[in-house]
Amino acid sequence: MKCKRCRKATAAVELRSHNAAFCPDCFFIFFRRQVEEGIRKQRLFSRDDRILVCVSGGKDSLVLWDELLEMGYDAEGLYIGLGIPGYSDRSKEKVIAFAEARGKKAIIVDLRDEGVPIPEAARANKKHECSVCGAIKRHFFNRVAAEGNFTVVATGHNLDDESGRLLGNVLHWQKSHIARQHPLLAAAGEGLVRKVKPLWRLSEQETASYAFLKGIDFVIEECPMSEQATSLIFKEALSIIEERMPGSRMAFYTGFLDPGNPVREAMAKAAAESGEFEPAIKDDGSPAGTHLCDRCGAPTLAQTCGYCRMKAKTVERAAQDAAKSATGARAASGKEPA
Ligand code: AMP
Ligand code: FES
Ligand code: ZN
């Protein structure tokens, strides 16, 4: 099959959702245009912004960092080591190698050094790993950005992620989640940096093709904690629909974002009326009453932020475990009865 754009070279990527097939060069042009359109349509950022790209070692975020650098943006990478045995070390290696090959040095935060590795934090707080992980990652994305004078935090969420999430939110009519779901979350109040998802127009197949054609080496395995994640079910459901009706995924998500679609506003109103939703920005445009955490200074609605409360429990539990194993060791060595 010939490339449908240049009509000369052999097509390497077939995109049924766009009724197109591209040779590698034309595919990169297509990909660039989608990213540019995603940035422009939702006014994600400008050339003056300093972008902190959160990179997990997976394909989407490395592709995002690569493309933003190619486009000439001022973009640095942040990797958070989650403390998940094996997986975290392998993903960190990929990030370091990727950055080095581009003359960059990723900013690295290790949750083991911070006293909150995900498995221990989940156990101490009696929560699922993924929910603890999401909250802790968001805390560091924002903290590193604020401390490093970045104006934007970018993540590698793609169209499959966002449309799958939307389907899940709609299926359960989670009004406040629907109201907040957007490729752009504006900076609201002191210390809260703008969050963007520049790959929102690109599917997983497209980011995978980009990574493959560019020879980007990424960690293929999924996080072992996320195997049961319900988000995968919604993505799969949309894949079945997309297979039968190419373009459905894009139509579903762009239709949601369309300024003429009243759904987001209506959901925000309904959620606010039921007390479920506290808008980040008030009607007059001023930030809603966030203040700063009494321990770490992060913006929060409570006196102490969720991260600091989670960390306190994790550190306390680690100290109890250490004390128990020290007593056990002394007992085993016969120095003291257990
Ligand atoms: P996930 O929630 O794992 O699907 O990841 C969504 C996005 O969050 C990725 O595309 C990255 O931009 C970012 N991200 C996930 N894990 C990490 C990590 N360990 N360090 C930095 N960024 C991450
Ligand atoms: Fe967060 Fe696995 S628990 S990436
Ligand atoms: Zn705090």
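Small disclaimer: the values here were computed from a predicted structure and weren't measured. (Residues numbered from 1 in each chain as written. Chains lettered and ligands numbered in written order. Predicted model: local features only at pLDDT ≥ 70, side-chain atom pairs only at ≥ 80, totals over all residues. Heavy atoms only, no water.)

(A) Structural context of unusual backbone geometry. Of note, the phi angle at Arg7 is positive, near 60°, even though the residue is not glycine. Of note, Arg7 is situated in the segment before strand 1 (13-15). By relative accessible area, Arg7 is classed as exposed at 63%. Here the phi dihedral of Asn149 falls at roughly 55°; this positive angle occurs in a residue that is not glycine. For Asn149, a relative accessible area of 59% puts it in the exposed group. (Helix = DSSP H or I, 4+ residues; strand = E, 2+ residues; numbered from the N terminus. Buried < 20%, exposed > 50% of the residue type's maximum accessible area, 1.4 Å probe, protein only.)

(B) Region of the structure containing the packing of helix 9 (residues 230-244) against helix 10 (residues 248-257). Across the interface, helix 9 lies against helix 10 with an axial gap of 8 Å and an inter-helix angle of 120°. By the criterion of interaxial angle, the relationship of helix 9 to helix 10 is oblique. The segment helix 9 lies against helix 10, with Lys235, Leu238, Ser239, Ile241 and Glu242 engaging Ser248, Arg249 and Phe252. (Axes fitted to C-alpha atoms, helices over the stretch in contact; angles between N-to-C directions. Parallel < 35°, antiparallel > 145°, perpendicular 65-115°, else oblique. Contact = heavy atoms within 4.5 Å.)

(C) Structural view of the site of ligand 1. Taken together, the neighbourhood of ligand 1 is formed by 13 residues, with Cys54, Val55, Ile80, Thr155 and Gly156 sitting nearest. Between Gly156 and ligand 1, the recorded distance is 2.9 Å, taken from a backbone N or O atom to an oxygen atom. Those elements giving two or more residues to the shell around ligand 1 turn out to be strand 4 (74-81) and helix 5 (129-147). Top contributing element to the shell around ligand 1 by residue count: strand 4, with three residues. Looking at the shell around ligand 1, its residues break down into seven nonpolar, five polar and one charged. (Near = heavy atom within 4 Å. Polar contact = N/O pair within 3.5 Å; in protein donor to acceptor, adjacent residues only side chain to side chain. Nonpolar A, V, L, I, M, F, W, Y, C, P; charged D, E, K, R; others polar.)

(D) Focus on helix 10. Here helix 10 has its buried residues at Arg249, Met250, Tyr253, Phe256 and Leu257. Seen end-on, helix 10 carries its buried residues on one side only, within an arc spanning 140°. (Arc of directions from axis to C-beta.)

(E) Region of interest: the coordination of the zinc ion (ligand 3). For the zinc ion (ligand 3), the protein coordination sphere consists of Cys293 (SG), Cys296 (SG), Cys305 (SG) and Cys308 (SG), at 2.3 Å. Every donor counted, the four donor atoms about the zinc ion (ligand 3) form angles of 104 to 114° at the centre, which fits tetrahedral coordination. Within one chain, the residues serving as donors to the zinc ion (ligand 3) are arranged as C-x2-C-x8-C-x2-C. Using a relative accessible area of 29% as the deciding quantity, one classes Cys296 as partly exposed. (Donors = N, O, S within 2.8 Å, 3.2 Å for Na, K, Ca; no water. Tetrahedral: all angles 85-135°; square planar, octahedral: opposite > 155°, others 65-115°.)

(F) Up close: the pattern of salt bridges. Applying the stated rule across the entire model yields 25 salt bridges. The salt bridge involving Glu221 is made with Arg90; its shortest N-O contact spans 2.7 Å. On the criterion of sequence distance, the pair formed by Glu221 in the loop between helix 8 (204-214) and helix 9 and Arg90 in helix 3 (residues 87-101) is long-range, its members being 131 residues apart. Linked by salt bridges that have partners in common, Lys59, Asp60, Asp161, Glu204 and Lys235 make up one network. (Salt bridge = Lys/Arg side-chain N within 4 Å of Asp/Glu carboxyl O.)

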